[in-house]
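Residue strings, one per chain:
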Amino acid sequence: RYRIGGDTINYLEIYYHDTHPLSELTFDDFFTSGMEPLYVLLTSAVKSLGGKFYCVQILQAVVVNWLIFSYFRKHSECVFTCIFIYALWAYTLFNFEEMRASISLALCLYANDFFLKKKWLKGFSLYIIGCLFHYSTILLLLTPFLLFLKFNLVGVTFLCLAIPVGALAELILGDYLVMLDMGDQISG
């Protein structure tokens, strides 16, 4: 993997210059460092054990791929086909580019399973853990409220109306929505 991915250089800079060992962590490190709290904890733990940044990369890749492959095994009879499609479509993105977001996404796969089984507390707990790896997961907290939608006339009508209503809301509230911009916290 070495230094593949645009975010890797930023991650290297943060790891070697701004990440403190666990014994030196402060409240500010968790909530004002520009990185999500559980990612800060992960990198600090690796640094405390004397690991280099490639150890963080390996640990992240093991966790993400183990979760995703386990999910494939649980939900598909064609596991190797799923892995092949994953390798072509998202492997490099999840393992080389979006380190924090991929951990969050892998957790959200399991959270969605809990929501489908009506196990709300477990589902929301995994979403919250995902939020602590990447703040954009906050947007996914709305998805359980859309479980009433089915692929029927009501669901299709809802989706068809959601697009122009969203465009109209953006047109009317556009300047105010900019004030809610969380910058890099949501987008990246």
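Going by the structure above, here's the rest.
Source: prediction; values computed, not measured. (Residues numbered from 1 in each chain as written. Predicted model: local features only at pLDDT ≥ 70, side-chain atom pairs only at ≥ 80, totals over all residues. Heavy atoms only, no water.)

Caption draft 1: Region of interest: the overall build of the protein chain. Counting its regular elements, the protein chain contains 10 helices and zero strands. Ordered by position in the sequence, the α and β elements of the protein chain form the string α-α-α-α-α-α-α-α-α-α. With respect to the three principal axes, the spread of C-alpha positions in the protein chain is 60 × 50 × 30 Å. Within the protein chain, the proportion of its 188 residues that are buried is 32%. For the protein chain, contacts bridging at least 24 residues in sequence account for 61% of all contacts bridging at least 6. Counting only carbon and sulfur atoms, one obtains 72% of the accessible surface of the protein chain, whose full area is about 12100 Å². Here the protein chain carries 12 positive and 15 negative side-chain charges, and the mean point of each set is 16 Å from the other. (Helix = DSSP H or I, 4+ residues; strand = E, 2+ residues; numbered from the N terminus. Buried < 20%, exposed > 50% of the residue type's maximum accessible area, 1.4 Å probe, protein only. Contact = heavy atoms within 4.5 Å. Areas by Shrake-Rupley, 256 points an atom, 1.4 Å probe, with all protein chains shown as cover. Lys, Arg positive; Asp, Glu negative; His and termini not counted. Charge placed at Lys NZ, Arg CZ, Asp CG, Glu CD.)

Caption draft 2: Spatial organisation of the packing of helix α1 (residues 6–17) against helix α4 (residues 53–75). Closest axis-to-axis distance for the α1/α4 pair is 10 Å, and the angle between their directions is 120°. The angle between the axes of α1 and α4 places the two elements in the oblique class. Where α1 crosses over α4, the handedness of that crossing is right-handed. Across from Thr8, Tyr11, Leu12, Tyr15 and Tyr16 in α1, the residues of α4 making contact are Phe53, Val56 and Gln57. Counted by class, the contact of α1 with α4 contains six nonpolar, two polar and no charged residues. (Axes fitted to C-alpha atoms, helices over the stretch in contact; angles between N-to-C directions. Parallel < 35°, antiparallel > 145°, perpendicular 65-115°, else oblique. Left-handed = near helix turned anticlockwise from the far one by under 90°. Nonpolar A, V, L, I, M, F, W, Y, C, P; charged D, E, K, R; others polar.)

Caption draft 3: Seen up close, the pattern of salt bridges. Counting across every chain of the model gives two salt bridges. The salt bridge involving Arg100 is made with Glu36; its shortest N-O contact spans 2.4 Å. A residue pair is termed long-range when its members are at least 10 positions apart, and Arg100 in helix α7 (residues 99–116) and Glu36 in the loop between α2 (27–31) and α3 (37–48) qualify at 64 residues. On the accessibility criterion, Arg100 (8% relative accessible area) is buried. Between Lys74 and Asp113 there is a salt bridge, with the nearest N and O atoms lying 3.5 Å from each other. Here the residue Lys74 occupies a position in helix α4, and Asp113 occupies one in helix α7, the gap between them amounting to 39 residues. Assessed through its relative accessible area of 48%, Lys74 is described here as partly exposed. (Salt bridge = Lys/Arg side-chain N within 4 Å of Asp/Glu carboxyl O.)

Caption draft 4: Representation of unusual backbone geometry. One non-glycine residue, Lys118, lies in positive phi territory at about 65°. Turning to its location among the elements, Lys118 is positioned in the loop between α7 and α8 (120–131). Look at Lys118 and you get exposed, because its relative accessible area is 56%.

Caption draft 5: Quick peek at the packing of aromatic side chains. Inspection of every chain in the model, using the stated rule, returns 17 aromatic pairs. Geometrically, the ring pair formed by Tyr11 and Phe53 is stacked, given 6.4 Å between the ring centres and 25° between the ring planes. Pair noted here: Tyr11 is in helix α1 and Phe53 is in helix α4, with a separation of 42 residues, a long-range link. Centroid distance Phe30 to Phe31: 6.5 Å. Interplanar angle 50°. Geometry classified as tilted. Taken together through their ring pairs, the aromatic side chains of Phe69, Phe72, Tyr86, Tyr91, Phe94 and Phe96 make up a single cluster. Over the ring of Tyr15 we find Lys47; its NZ or CZ atom is 5.3 Å from the centre of that ring. (Phe/Tyr/Trp six-rings, centres within 6.5 Å; stacked < 30°, edge-to-face > 60°. Lys NZ or Arg CZ within 6 Å of the ring centre and 35° of its normal.)

Caption draft 6: Here's a closer look at α7. Spanning 18 residues, α7 covers 27 Å between terminal C-alpha atoms, matching the ideal 26 Å at 1.5 Å per step. Of all 18 residues in α7, 13 are buried; the element is thus mostly enclosed. (Expected span 1.5 Å × (residues − 1).)

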